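Spelled out from the first residue to the last, the chains are:
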Amino acid sequence: MQIDQTPLPGVIAITPKRFGDARGFFCESWSKSALAAEGIVLDFVQDNHSMSMAAGTLRGLHFQTPPHAQAKLVRCGRGSLFDVAVDMRRGSPTYGQWHGETLSFENGRQLLIPVGFAHGFLTLEPETEIVYKCSDYYAPAADGGVHWDSCGIDWPLTGAPVLSEKDAAAPPFAEFQSPFTWSVS
């Protein structure tokens with residue numbers, strides 16, 4: 001696996017090695033031991049899979065609050081998407097900053113988003129699928145979000161995004177009181 005640090009400490013881009021021939025390819029998309037050897041130790045308890053019909057569908061920016069905060073390992077199962085993490089850890093030197101990566105079926109790239117970051121994505125093609133692992137179970141009472149356009153993210157939009165009512169009504173980042181705190185570890 002190729003592991004690349006991003007400008008946001010803790011947010012890591014991972015590109016699994018693909019072994020291909022005339023039939024297609026094989027890759028190991030997650031290896032607890034391979035990542036542990038790189039100092040990345042996570043226990044995932046739930047996999048999620050979502051499909052968006054239209055290009056320009058924007059989902060996020062989402063997170064879960066403690067004690068059900070989630071780290072996520074995100075990849076694209078079909079199509080392509082622009083995946084984003086926003087640092088929400090009070091006291092962090094990168095608080096409020098974002099990092100985005102294009103994830104696609106073709107590039108196989110994944111984004112590891114740790115606890116304390118909001119997550120969102122924009123589909124770049126119709127019928128795009130996103131598949132991600134979570135380090136805690138979905139907990140409706142801990143579900144949260146901030147408005148998609150309140151963090152200065154340079155979304156690669158070609159028009160108005162397709163949004164859920166929930167995402168359209170999310171509060172702006174500036175009004176959000178973060179329950180996440182940055183600590184040096």
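In the block above lies the structure referred to throughout.
All figures in this text were calculated on a predicted structure; none of them were measured in a lab. (Residues numbered from 1 in each chain as written. Predicted model: local features only at pLDDT ≥ 70, side-chain atom pairs only at ≥ 80, totals over all residues. Heavy atoms only, no water.)

Trainee: Would you mind going over the pattern of salt bridges with me for this structure?
Mentor: Two side chains carrying opposite charge are able to pair once their charged atoms lie near each other. This structure, assessed with the given rule, holds nine salt bridges. Of the charged contacts in the structure, one is a salt bridge between Lys 133 and Asp 47, with a shortest N-O distance of 3.2 Å. With a gap of 86 residues between them, Lys 133 in strand β12 (residues 128–134) and Asp 47 in strand β5 (residues 46–52) connect regions that are remote in the sequence. Glu 129 is the salt-bridge partner of Arg 78, the closest N and O atoms lying 2.8 Å from each other. Taken as a pair, Arg 78 in strand β7 (residues 72–78) and Glu 129 in strand β12 lie far apart in primary sequence, 51 residues in all. Residue Glu 129 is classed as buried on the basis of its relative accessible area, which comes to 16%. The network of salt bridges with shared partners includes Asp 4, Glu 101 and Arg 109. (Salt bridge = Lys/Arg side-chain N within 4 Å of Asp/Glu carboxyl O. Helix = DSSP H or I, 4+ residues; strand = E, 2+ residues; numbered from the N terminus. Buried < 20%, exposed > 50% of the residue type's maximum accessible area, 1.4 Å probe, protein only.)

Trainee: Sorry, what's going on with the sheet that holds β7 here?
Mentor: Sheet strands associate in pairs through backbone hydrogen bonding, adopting either a parallel or an antiparallel arrangement. Strand order across the open sheet formed by six strands is β1-β2-β10-β7-β12-β5, with antiparallel pairing between neighbours. The open sheet has two edge strands, β1 (2–5) and β5, and neither has a second partner. Sheet twist, expressed as the mean angle between neighbouring strand axes with direction ignored, is 25°. In this sheet, β12 lies alongside β7 in antiparallel orientation, the contact comprising six bridges. Its bridge partner being in β12, Val 74 is matched across the sheet by Tyr 132. (Pairing = 2+ DSSP bridges. Axes fitted to C-alpha atoms, helices over the stretch in contact; angles between N-to-C directions.)

Trainee: I tried to follow the environment of Pro 114 on my own but got confused; where do I start?
Mentor: Following the sequence through the fold, Pro 114 ends up in the loop between β10 (110–113) and β11 (117–123). Spatially, the C-alpha atom of Pro 114 lies 9.8 Å from that of Cys 134, the residues being 20 residues apart in sequence. For Pro 114, the residues in contact, after removing those within four places along its chain, are Gly 10, Val 11, Gln 70 and Ala 71. (Contact = heavy atoms within 4.5 Å.)

Trainee: Any chance you could explain the packing of aromatic side chains here in plain terms?
Mentor: Given two aromatic rings, their pairing is described by the distance between the two centres and the angle made by the two planes. For the structure on display, the rule yields seven aromatic pairs. Consider the rings of Phe 82 and Trp 155, whose centres lie 6.1 Å apart with planes at 80°: the pair is edge-to-face. Separated by 73 residues along the polypeptide, Phe 82 in strand β8 (residues 80–87) and Trp 155 in the loop between β13 (143–145) and α2 (165–168) bring together distant segments of the chain. Note on Phe 82: relative accessible area 11%, which makes it buried. Judged by its relative accessible area of 8%, Trp 155 falls in the buried class. Where Tyr 95 meets Phe 173, the ring centres are 5.3 Å apart and the plane angle is 40°; that geometry is what we call tilted. One end of the pair, Tyr 95, is in the loop between β8 and β9 (98–104); the other, Phe 173, is in the segment after α2, and 78 residues separate them in sequence. (Phe/Tyr/Trp six-rings, centres within 6.5 Å; stacked < 30°, edge-to-face > 60°.)

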